[in-house]
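Below are the chains, spelled out letter by letter.
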Amino acid sequence: MKKILVLCGGNSCRSQMAEAYLRYFAGNKAEIHSAGIRAQGVNPNAIIVMKEDDIDISGHTSNSIDEYRNMDFDIVLTVCDTAAEECPYYPTNAKRFHHDFPDPAKCTGTQEEILTEFRKVRNMVKEYCEAFITENV
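Bear in mind the structure is a predicted one, so any value in this text is a computation, not a measurement.

We now examine the sheet that holds strand S1 (residues 2-8). The strands making up a sheet associate through hydrogen bonds between their backbones, and the pairing can be parallel or antiparallel. Across the sheet, four strands lie side by side as S2-S1-S3-S4; this open sheet has parallel pairing. A strand with exactly one partner marks an edge of an open sheet, and here the two such strands are strand S2 (30-36) and strand S4 (95-98). Sheet twist, expressed as the mean angle between neighbouring strand axes with direction ignored, is 20 degrees. One ladder, built from seven bridges, connects S1 with S2; its direction is parallel. When the bridges of S2 are listed, Val6 appears paired with Ser34. Together, S1, S2 and strand S3 (75-78) form the strand contacts of helix H1 (residues 14-26), whose direction differs from that of S2 by roughly 180 degrees.

With that settled, the discussion passes to the pattern of salt bridges. Taken as a whole and assessed by the stated rule, the structure comprises seven salt bridges. The salt bridge partner of Asp66 is Arg69, with a shortest N-O separation of 2.6 Å. Members of the salt-bridge network, linked through shared partners, are Glu52, Glu112, Arg119 and Arg122.

Conventions used here
Residues numbered from 1 in each chain as written. Predicted model: local features only at pLDDT ≥ 70, side-chain atom pairs only at ≥ 80, totals over all residues. Heavy atoms only, no water. Pairing = 2+ DSSP bridges. Helix = DSSP H or I, 4+ residues; strand = E, 2+ residues; numbered from the N terminus. Axes fitted to C-alpha atoms, helices over the stretch in contact; angles between N-to-C directions. Contact = heavy atoms within 4.5 Å. Salt bridge = Lys/Arg side-chain N within 4 Å of Asp/Glu carboxyl O.

Have a look at this one:
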């Protein structure tokens, strides 16, 4: 079973979505974790749009990368440029992958406009994760 760590700047949106979709598509073929350079809490809008796709992340926690310092991962996936640039070096043989998704938490406007942006990012993350599992796990 492969161990995968998804990293983002705050572990609030993109990495939470990726963790959930990677778990969904990998089934029992991988152990998935997510963390942030700085844990910022799970964004309520991420919970809303994931629930619209029948995936409940309301029980997820926002974790700091430091919590995983002693774990050996097969794959480290960064989902934002901040994480790719600031990710500390870990003495591991993990394959590193990177995909910079837009940050929906930076969207402003009405709640519906914000949710529209979260949905766009959710759909990008979902598509990427499905292909990622097919190609790498």
